[in-house]
Amino acid sequence: MKPDAADHVKRGVALLEESDFAGACTAFRAAVELSPGVSAHHVNLAYALQQAGEEAAAVPHLRQAASLDPSSFDAHYMLGGALERLPDLLGAAEHLRRAIALQPAFEPAHADLCRVLSLAGDTEAARGAITAAIALNPENADFHHYLGNLCMTESDAPAALESYERAIALRPAFAQVHANMGWAHHALKRFDEAIDSYERALAIDPSLAEAHLKTGLTRKAQRRLDDADTALQRAVDLQPDNAEALNHLGIVQQERGQLDSAIQNYRRAIALRPELPGGYANLGLALYEQGDVVEAIVTYRKGLAIKPIAEMHDNLATALQKRGLVDEAIEHYHLAIALQPDNLNTRCNLAAALAEGGEPQQAIAAYRQILELHPRHMVAHSNLLLSLSVDERCSPAEYLAEARRFDSKLATNKSEFDRPDDIGRRRLRIGFVSGDLRGHPVGYFLEGVLRCLDLTQFELFAYPTIAKHDELTARIRPLFAGWRLLKGLDDAAAAKAIRADGIDILLDLAGHSGENRLPLFGLRPAPVQVSWLGYFASTGVSAIDYVLADDVCVPPGSEQFFTERVWRLPETRLCFTPPAEGSTPEVTALPALRNGHITFGCFQRLPKINDAVLDVWGRVFAALPNARLLLQSHQTGRPLYAEQISARLEAAGISRDRATVRGPAPRDSYLESYGEVDIVLDTFPYTGGTTTCEALWMGVPTITLTGESMIARQGVAMMSAARLPDWVAADAGQYVGKAVAFGTAVDELAQLRATLRQRIQGTPLFDIQLFAHRLGAALTGIWREHAVHKASHHQVLRRDASSRSDAIGQSAGR
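Residues numbered from 1 in each chain as written. Predicted model: local features only at pLDDT ≥ 70, side-chain atom pairs only at ≥ 80, totals over all residues. Heavy atoms only, no water.

Caption draft 1: Expanded view of the overall build of the chain. Each helix and strand in the chain was counted, giving 37 helices and 13 strands. Rg of the C-alpha trace for the chain: 35 Å, well past the compact-globule value of 28 Å for 814 residues, more than 25% over. Its C-alpha atoms give the chain principal-axis dimensions of about 115 × 95 × 45 Å. Relative to its 814 residues, the chain shows a buried fraction of 54%. Long-range pairs, those at least 24 residues apart, make up 63% of the contacts in the chain between residues at least 6 apart in sequence. Of the roughly 35200 Å² of accessible surface on the chain, a fraction of 52% belongs to carbon and sulfur atoms. The average position of the 81 basic charges and that of the 99 acidic charges among the side chains of the chain differ by 5 Å. (Helix = DSSP H or I, 4+ residues; strand = E, 2+ residues; numbered from the N terminus. Rg over C-alpha atoms; globule rule 2.2 N^0.38 Å. Buried < 20%, exposed > 50% of the residue type's maximum accessible area, 1.4 Å probe, protein only. Contact = heavy atoms within 4.5 Å. Areas by Shrake-Rupley, 256 points an atom, 1.4 Å probe, with all protein chains shown as cover. Lys, Arg positive; Asp, Glu negative; His and termini not counted. Charge placed at Lys NZ, Arg CZ, Asp CG, Glu CD.)

Caption draft 2: Quick peek at the sheet that holds strand E10 (residues 659-662). Within the open sheet, the six strands sit side by side as E10-E9-E8-E11-E12-E13. Their pairing is parallel. Strand pairing shows two members of the sheet lacking a second neighbour, E10 and strand E13 (728-729), which therefore form its edges. Here helix H31 (residues 639-651) sits on the sheet in contact with strand E9 (628-632) and E10, set at roughly 160 degrees to E10. Each of strand E8 (599-602), strand E11 (679-681), strand E12 (702-705) and E13 touches helix H35 (residues 732-744); the most contacted strand, E12, lies at about 170 degrees to it. (Pairing = 2+ DSSP bridges. Axes fitted to C-alpha atoms, helices over the stretch in contact; angles between N-to-C directions.)

Caption draft 3: A look at the packing of aromatic side chains. Per the counting criterion, the structure on display carries 18 aromatic pairs. Plain terms: the ring middles of phenylalanine 73 and tyrosine 77 are 5.6 Å apart, the flat faces sit at 10 degrees to each other, and that makes the pair stacked. Linking phenylalanine 73 with tyrosine 77, this pair stays in helix H5 (residues 73-85), spanning four residues, or about one helical turn. With a relative accessible area of 9%, phenylalanine 73 lands in the buried category. Under the relative-accessibility criterion, tyrosine 77 is labelled partly exposed at 22%. With centroids separated by 3.7 Å and ring planes inclined at 10 degrees, the aromatic side chains of tryptophan 727 and phenylalanine 742 adopt a geometry described as stacked. With tryptophan 727 in the loop between helix H34 (714-721) and E13 and phenylalanine 742 in helix H35, this pair connects stretches of sequence that are 15 residues apart. The exposure class of tryptophan 727 is buried, given its relative accessible area of 3%. Under the relative-accessibility criterion, phenylalanine 742 is labelled partly exposed at 22%. Taken together through their ring pairs, the aromatic side chains of Phe445, Phe576, Trp697 and Phe766 make up a single cluster. Here the basic side chain of lysine 608 rests over the ring of tyrosine 686, its NZ or CZ set 4.2 Å away from the ring centre. (Phe/Tyr/Trp six-rings, centres within 6.5 Å; stacked < 30°, edge-to-face > 60°. Lys NZ or Arg CZ within 6 Å of the ring centre and 35° of its normal.)

Caption draft 4: Broad picture of the environment of leucine 624. In this fold, leucine 624 is placed in the loop between helix H30 (611-623) and E9. With near-sequence residues (within four places) excluded, leucine 624 lies in contact with Ile598, Phe600, Arg658, Ala739, Val740 and Thr744.

Caption draft 5: Main features of the nonpolar core. If you look at the biggest cluster of nonpolar residues, it comprises 184 residues, and the most contacted ones within it are Phe432, Ile505, Trp532, Phe600 and Trp617. At eight residues, helix H37 (residues 768-813) tops the list of elements feeding residues into this core. Apart from residues lying up to four places away in sequence, phenylalanine 600 is in contact with Val620, Phe621, Leu624, Ala627, Arg628, Leu629, Leu630, Val677, Ile679, Leu681 and Ala739. In terms of nonpolar packing, the next biggest core, distinct from the first, is built from 58 residues, Ala5, Phe28, Ala65 and Ala157 among them. (Core = buried A, V, L, I, M, F, W, Y, C linked by side-chain atoms within 4.5 Å.)

Caption draft 6: Local environment of a negative patch on the surface. Where like charges cluster on the molecular surface, the negative patch consists of Asp192, Glu193, Asp196 and Glu199. Relative to the assigned elements, aspartate 196 resides in helix H12 (residues 191-204). Classification of aspartate 196 by relative accessible area gives partly exposed; the value is 39%. (Patch = residues over 30% accessible without salt bridge, like charges linked within 9 Å, V, L, I, M, F, W, Y side chains within 5 Å. Salt bridge = Lys/Arg side-chain N within 4 Å of Asp/Glu carboxyl O.)

Caption draft 7: Local environment of the packing of helix H9 (residues 141-153) against helix H11 (residues 175-187). H11 packs onto H9 with a crossing angle of 25 degrees between their chain directions and a minimal axis gap of 11 Å. Relative to H11, the element H9 lies roughly parallel. You can see that H9 and H11 cross each other, and the crossing is left-handed. Taken together, the residues of H11 that come into contact with H9 (itself represented by His145, Asn149 and Met152) are Gln176, Val177, Asn180, Trp183, Ala184 and Ala187. (Parallel < 35°, antiparallel > 145°, perpendicular 65-115°, else oblique. Left-handed = near helix turned anticlockwise from the far one by under 90°.)

Caption draft 8: Inspection of the pattern of salt bridges at higher detail. Counted under the stated rule, the structure contains 36 salt bridges. In this structure, glutamate 328 engages arginine 301 in a salt bridge whose closest nitrogen and oxygen atoms are separated by 2.8 Å. Taken as a pair, glutamate 328 in helix H20 (residues 326-339) and arginine 301 in helix H18 (residues 293-306) lie far apart in primary sequence, 27 residues in all. Assessed through its relative accessible area of 14%, glutamate 328 is described here as buried. Here arginine 648 makes a salt bridge to aspartate 611, at a shortest N to O gap of 3.1 Å. Pair noted here: arginine 648 is in helix H31 and aspartate 611 is in helix H30, with a separation of 37 residues, a long-range link.

Caption draft 9: Just the sheet that holds strand E6 (residues 546-549), in detail. Read across the sheet, seven strands follow the order E3-E2-E1-E4-E5-E6-E7 without closing on themselves; strand pairing throughout is parallel. Two strands bound the open sheet, and with one partner strand each, they are strand E3 (482-483) and strand E7 (565-568). The pairing of strand E5 (residues 528-531) with E6 spans two bridges and is classified as parallel. When the bridges of E6 are listed, valine 530 appears paired with tyrosine 546.

Caption draft 10: How the structure looks around the side chain of aspartate 550. With respect to the helices, strands and loops of the structure, aspartate 550 is situated in the loop between E6 and E7. It is arginine 573 that comes nearest to the buried, bridge-free aspartate 550 among opposite-charge side chains, at 5.5 Å. Of note is the side chain of aspartate 550, whose polar atom sits 2.7 Å from the backbone nitrogen of cysteine 553. Of note is the side chain of aspartate 550, whose polar atom sits 2.8 Å from the backbone nitrogen of arginine 573. Setting aside its immediate chain neighbours within four residues, aspartate 550 contacts Arg568, Leu569, Glu571, Thr572, Arg573 and Ala717. (Polar contact = N/O pair within 3.5 Å; in protein donor to acceptor, adjacent residues only side chain to side chain.)

Caption draft 11: Structural detail: helix H2 (residues 21-34). Compared with the 20 Å implied by 1.5 Å per residue over 14 residues, the 20 Å span of H2 between its first and last C-alpha is a close match. All of the buried residues along H2 are Gly23, Ala24, Cys25, Ala27, Phe28, Ala30, Ala31 and Val32. Where H2 is buried, its residues meet helix H1 (5-17) and helix H3 (39-51). (Expected span 1.5 Å × (residues − 1).)

Caption draft 12: The environment of leucine 569, seen in detail. Its location among the elements puts leucine 569 in the loop between E7 and helix H29 (591-595). Along the primary structure leucine 569 and arginine 171 are separated by 398 residues, whereas in three dimensions their C-alpha atoms are 73 Å apart. Those residues in contact with leucine 569 that sit more than four places away from it in its chain are Leu548, Ala549, Asp550, Phe771, Arg774, Leu775 and Ala778.

Caption draft 13: Broad picture of the state of the cysteines. According to the stated counting rule, one finds zero disulfides in the structure shown. There is no disulfide at cysteine 452, and the cysteine sulfur nearest it, in cysteine 575, is 8.4 Å away. Overall, the relative accessible area of 24% leaves cysteine 452 in the partly exposed class. (Disulfide = S-S within 2.5 Å.)

Caption draft 14: Spatial organisation of the environment of proline 579. Here proline 579 shows up in the loop between E7 and H29. Proline 579 sits 92 residues away from leucine 671 along the chain, and the two C-alpha atoms are 9.8 Å apart. Ignoring anything within four residues of it in the chain, the contact list for proline 579 reads Thr584, Arg667, Leu671 and Trp697.

Below is the structure:
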């Protein structure tokens, strides 16, 4: 006798009890085939399919069951749950409502309906559902829990806490509610109370991954990054497939400078949830900070293919700009602004791209517009000052007035430092704040100096503002007694950390250039603060006491254009560290000897090549009809910009057949390019710095034009320090004359080239030992002057206090 449907159902139930879900599916499917019109058979098969992990296959059978028997509570309730997981939230809500209508006393259905409606964004209906449930049974802790969660989605943390407290009163050991209560405290910035709640949750259930996750987020908000890392790592250990926990762990590791680990966790998070909010943006940013800009661009493009969001367009544009793809970067900045018109940071980035793309006046106008909308946008104000510092239309007095406006917005700390003047008994602690402690012009000038500073007199501390690092970073890091990453610390926390290190003199190496932390200096984390190396004008920050300069770049009488006191180093404010031995090309013979014509070169950024520069160059080439030009920069790797500069050169009289325009190259290949150049033509008023030194090292002198500002005199300062004053022009006419004279004296030029590297090694611009000695003497002198001023100030205060005391005593005597 063949088994009937009832037999198959009986066997299916037995197999379910044995956890043989595949067998149960087979048995229940046989029952359905024999009696397809029985609703219960479809419900049984759907349940077995769900247990077997075939959620999608269960849905048609539940729909059939509900159709066959509209009064089946099980069919509607199970279908509601299955549709929620699809997700079909509106469909889920419909069937949950039908289930509640059939069995109003079944309390889990009320909680499920509230959750589904909340997930669907219908908070009004969700509130109605859970309010009705509470009226049905006010003693159900789950109902109060869900009402609290609903309040949190409405950003009403105080109301959420009331509901959570009611749930805890009904069920004290409700671990999830304790964790959610902690998150409500977090929303109210009551971080200590939040931690207490998480700890209560974990005391009840140590395996509650969500409590560890939220602990990590609160510790991150407290800037306790070590504790945040520990908590988030525990959450990941408990739930290795929790993409949110992996993403947040990556964020904390990135802020701690652990970029490799952060990138690994971002990749894991994205693999689990490709649509994870912020996932691709975070991964791209970490790759960018690590220096892998190409991979960052690929990552941002993948993220944008999933969902076009403003932040991703902004980040992609920044990476494209870094690669010299400025025109494409500008396109993505515009796309970001179209999605988020009120994002002033993106507008600020767009302005920077305009400046780099050769539109400095547009950039200046854009920064001013941002500051009109948001006067305290400090990045825009710094960028404006950076642009003005190299704008030939902006006088030193106008620049200084704008710099003072920047200072007026800074928070200040007037507290006194009470430290013993024990300069003779201990080393001075010197701090360096910079985002460029790596393969960057600042790093190239700093590396050798750090190695030669007298560490019996000085103890060095580094405060990098970003997590980027490379081979140069690895070489200099051991020279520092302390290395503290400031990224992720606000100004108050960073100032507190620097004070805790007992820094005596804090050096700012950025000024208003990128990744600066000038507002930090306004809080005066060190008793003496100095601007040096990475900027070429006054910062305007009144809390910065000194600027290190020299007599050439800041001639006597021009101190009025600085808020800082000018402390002049002998002969030069800069000393270049040549490339390491074995990693630098040899100097070649003069190219003109084999070419039969002179080749001028310029390796600077395109924005420096303004119309005035092109006009003077055109006069040089008119006087030397056989001369050629090699132009190579970061921006000229982009065909659009290569074409633009070629057209501008042609308009200035330098035809295309006389100019070679190339894109960027790695440093070793770039240095080899000097083997094709006889003379470098400097730009003005924004003169060369690193490129001038690198050219000299490769045997190529630079013709430079002196100017009024510190940056406009950088070229003359360098050539003077290299003992090559004849290469400095006082005006445009002399610049042309020198270019023609040197360009026709081929034999003398060849002799200079053959001996130049050897000659400059003993000059102040390249003598690192001498410069380090002079810098050390300057730092010691600055500290002594500070100590004298402090002692004098305290003596005045004591006299004033004594006078006041005497006056009080006399008054009392009368």
